[in-house]
Amino acid sequence: MANKNLESIKNKNSLFFSTLKEERSLLKLLTIIIAGLILWPLFNLIGEGLNGLKNGSVNLGLDGLKQIRGTFFLLFGSLSLGGIIGTANGWILANCKFKGREFLRITQLTPLAIPAYLLSAILIDLGSINGIRIHGMGWGIVIMALTTYPYVFLLSTESFAICAKKQLEACRTLGVGPWNSFLRVGLPMTIPAIGAGLALMGMEVINELGAVQLLNIPTISAGIVENWMSENNPSGAIGLALIALIIVISLVAFERILRRKSRRWSEGLAGEDSPKWELKGTRAILSQLLCGIPPTLALGIPIFWAISNADQIKQGLNLDLMALTIRSLSIGLIAACITLFSALFISVLKRWDQSKIIKSISFASGIGYAIPGVVVAISLFSFGGIPWNLSPIVLLIWGYLVRFLAVAKGGIDAAFERIPPNIDEAATGLGSNWPKVLGKIHLPLLKGPLTVGFLLVFVDTLKELPLTFVLRPFDFDTLSVRIFQYAGDERMAESLLPAMIIILLGLLASSALIPTLDKSKKGNFQ
């Protein structure tokens, strides 16, 4: 009798786990479909490019070499200037103590709220009023550095806060100052984190379209749009897109290698907050200026411009603006919802299935964030045309999914790592299927990361210009497109309200990153 009961229990468990496996196989299928939607257009573009190279039909257009050279000059200049600003501010705010330090740490995130194309348009407008010509590579380097250096700051300040604590304490004991300690100890040990931040900066620089077109800088992104839309030369656009893919894939590989090295440097080094060098007098003032000038310029210039054009508010407040805002917010909400649910399914499967193939699919599905928006756009155009004939709105939302899935997925993955696996095991052991585990256990624990992920994707969608500009249907403008059009027509003052909406939403999204500063302060490295 006991043996029969034992065998009955085994049969029930076997049936339960086989059912659970079947249910999770549906989740696996859904994840593969999502990853396929992200990767298939890109593979199709690469296939077209390789086939064109084989047939000799792919070219770089009339100015392809000039645009490639301009991209590398812009990359070198922006990364050099932004790397110096981000690293210096990261060191000062992580290891020095002076009046206003906590406030200045938070303000380093504000440049992320200002799109480069918006800052360029505002500077061009202010320059035209005051007789200053804002134009060319030099201005492009300064603007891109100002709007992207926080990537280096975030990774470097986190690394400075937890690496080489004992060595830095020894420097203090021996009377070595903060500058020499930075050069001899801090900088060498933080180079991997700085390099990873520079790689992220590079991805943003290559993606930029509006700023380089307004400043008349020849770059790959601008060349792709010109070949595709103006010169009716898709072969030239595809050729430049392949070059862009090679560059961004190299940057992604470089960033991942350096992040792994950075983790190895920091292993076992986290702990209590170490003592900081107290700066007084001239040193404190110089530190305040160095840390305060970049965010003040990035946010202060748009605020000054808005105050100068305050009389334009009534002129811009009309039904057209209301329709434009509703359209932009609606497409942002739709894209954020689809992207967030897709990221959640992929992250859940990655948690439950630790196989290499699932990890590879999870990583590959987030590669779209590194791909320039114009490259994603032409890959969807070439894939979504004949025989599919997909609606431009469908292609646009699809493009947002490709571009921003990684934004939502990163926070969810990190949150799942903090949830013990035995919670899932206990729930499934009590008969809950994966939708119930997800709905009743995971979602309540993931409210914070899901909210932040939704906010970041929503705001990134509103700010995105290259993808929207190329894929939007005829007469379907968004806030970002309208700002770009007004800037090109030298009517920038009329875009005051759209610009302020984007800046305010950008500041809201940047505030969601403040907890990352608290983590680095506590010495947590993820």
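Attention in this report is confined to the structure presented alongside it. (Residues numbered from 1 in each chain as written. Predicted model: local features only at pLDDT ≥ 70, side-chain atom pairs only at ≥ 80, totals over all residues. Heavy atoms only, no water.)

## Regarding the overall build of the protein chain
Assigned secondary structure in the protein chain consists of 24 helices and two strands. Burial analysis of the protein chain (526 residues in total) assigns 55% to the buried set. Residue pairs at least 24 apart in sequence account for 86% of intrachain contacts in the protein chain once pairs closer than 6 positions are excluded. Total accessible area on the protein chain stands at roughly 24200 Å², and carbon and sulfur atoms take up 65% of it. (Helix = DSSP H or I, 4+ residues; strand = E, 2+ residues; numbered from the N terminus. Buried < 20%, exposed > 50% of the residue type's maximum accessible area, 1.4 Å probe, protein only. Contact = heavy atoms within 4.5 Å. Areas by Shrake-Rupley, 256 points an atom, 1.4 Å probe, with all protein chains shown as cover.)

## Here we look at helix α5 (residues 137-148)
Side chains of residues three or four places apart in an α-helix project in the same direction, reflecting 3.6 residues per turn. Between its first and last C-alpha atoms α5 spans 16 Å; for 12 residues at 1.5 Å apiece the expected length is 16 Å, and the two agree. For α5, the set of buried residues is G140, I141, I143, M144, A145, L146, T147 and T148. (Expected span 1.5 Å × (residues − 1).)

## Re the packing of helix α17 (residues 392-417) against helix α20 (residues 447-463)
Their axes nearest at 9 Å, the elements α17 and α20 cross at an angle of 160 degrees. Classified by the angle between their axes, α17 and α20 sit roughly antiparallel to one another. Classified by chirality, the crossing of α20 by α17 is right-handed. Residues Y400, F404, V407, A408, G411, I412 and A415 of α17 form the contact with α20, whose participating residues are P449, L450, G453, L456, V457, D460 and T461. Per-class residue counts for the contact of α17 with α20 are 10 nonpolar, three polar and one charged. (Axes fitted to C-alpha atoms, helices over the stretch in contact; angles between N-to-C directions. Parallel < 35°, antiparallel > 145°, perpendicular 65-115°, else oblique. Left-handed = near helix turned anticlockwise from the far one by under 90°. Nonpolar A, V, L, I, M, F, W, Y, C, P; charged D, E, K, R; others polar.)

## Some remarks on the nonpolar core
Among the nonpolar cores identified, the biggest contains 133 residues, and L118, I224, W305, L344, V375 and M492 are the most heavily contacted of them. Of the residues forming this core, the biggest block, 14 residues, is contributed by α17. If we skip the residues at most four places from it in the chain, V375 touches L45, I224, A241, A244 and L245. Listed in part, the 18 residues of the second largest apolar core include W91, A94, W277 and A284. (Core = buried A, V, L, I, M, F, W, Y, C linked by side-chain atoms within 4.5 Å.)

## A short note on the pattern of salt bridges
Under the counting rule described, the total for this entry stands at eight salt bridges. A salt bridge links E102 to R101; the shortest N-O distance between them is 2.6 Å. Overall, R101 belongs to the buried group, its relative accessible area being 10%. Residues E102 and R105 are paired through a salt bridge, measuring 3.2 Å at the closest nitrogen-oxygen approach. Residue E102 and its partner R105 are located together in helix α3 (residues 101-107), separated by three residues, close to a single helical turn. With relative accessibility at 4%, the residue R105 sits in the buried group. Each of the salt bridges in this network shares a partner with another, and the network as a whole consists of D320, R472, D477 and R482. (Salt bridge = Lys/Arg side-chain N within 4 Å of Asp/Glu carboxyl O.)

## Quick look at the environment of M144
Mapped onto the secondary structure, M144 falls in helix α5. For the pair M144 and Y117, spaced 27 residues apart in sequence, the C-alpha separation works out to 9.3 Å. In this structure, M144 is in contact with L74, S78, A116, E204, V205 and E208, ignoring residues within four places of it in sequence.

## Notes on the environment of M189
Inspection of the secondary structure puts M189 in helix α8 (residues 178-207). Along the sequence, M189 and S159 sit 30 residues apart, while their C-alpha atoms lie 8.4 Å from each other.

## Some thoughts on the packing of helix α14 (residues 319-352) against helix α15 (residues 356-365)
Put simply, α14 and α15 touch, their axes get as near as 9 Å, and they point 155 degrees apart. Compared by their axis directions, α14 and α15 come out roughly antiparallel. Handedness of the crossing formed by α14 with α15: left-handed. In contact with I346, L349 and K350 of α14, α15 contributes I358, S362 and S365. Taken together, the residues of the contact of α14 with α15 break down into three nonpolar, two polar and one charged.

## Description of a nonpolar patch on the surface
A grouping of I285, L286, L289, I293 and L297 is seen on the molecular surface, where their side chains present a nonpolar patch of about 450 Å² in accessible area. For I285, the position within the fold is in helix α12 (residues 281-308). The exposure class of I285 is partly exposed, given its relative accessible area of 49%. (Patch = residues over 30% accessible without salt bridge, like charges linked within 9 Å, V, L, I, M, F, W, Y side chains within 5 Å.)

## Some words on the side chain of T157
Of note, T157 is situated in helix α6 (residues 150-162). Note on T157: relative accessible area 2%, which makes it buried. For T157, the side chain forms a polar contact with the main-chain oxygen of G90, separated by 3.4 Å. (Polar contact = N/O pair within 3.5 Å; in protein donor to acceptor, adjacent residues only side chain to side chain.)

## Points about the side chain of S495
When you line up the elements, S495 lands in the loop between α22 (479-488) and α23 (496-511). Accessibility expressed as a relative area gives 0% for S495, which makes it buried. A polar contact of 2.7 Å, which involves the side chain of S495, links it to the backbone oxygen of M492.

## With respect to the environment of L39
Topologically, L39 is positioned in helix α1 (residues 2-55). Residue classification places L39 among the buried positions, given a relative accessible area of 16%. Remark: the alpha-carbon pair of L39 and S379, spanning 340 residues in sequence, is separated by 10.0 Å. Sequence-distant contacts of L39, that is, excluding residues within four places in its chain, are made with A364 and I367.

## Section: the packing of aromatic side chains
The tally for this structure, following the rule as stated, stands at five aromatic pairs. Consider the rings of Y400 and F404, whose centres lie 6.3 Å apart with planes at 20 degrees: the pair is stacked. One end of the pair is Y400 and the other is F404, both in helix α17 and four residues apart, which spans about a single turn. Owing to a relative accessible area of 1%, F404 belongs among the buried residues under this scheme. Where F454 meets F458, the ring centres are 6.4 Å apart and the plane angle is 5 degrees; that geometry is what we call stacked. Of the two residues, F454 and F458 both sit in helix α20, four residues apart, roughly one turn of that helix. With a relative accessible area of 24%, F454 lands in the partly exposed category. Here the aromatic residues Y369, Y400 and F404 are joined through ring pairs into a cluster of three or more. One Lys or Arg, R327, reaches over the ring of F476 and ends 5.3 Å from the middle of that ring. Directly above the aromatic system of Y369 lies the positively charged group of R403, at a separation of 5.4 Å from the ring centroid. (Phe/Tyr/Trp six-rings, centres within 6.5 Å; stacked < 30°, edge-to-face > 60°. Lys NZ or Arg CZ within 6 Å of the ring centre and 35° of its normal.)

Nothing here speaks to function; it is all geometry.
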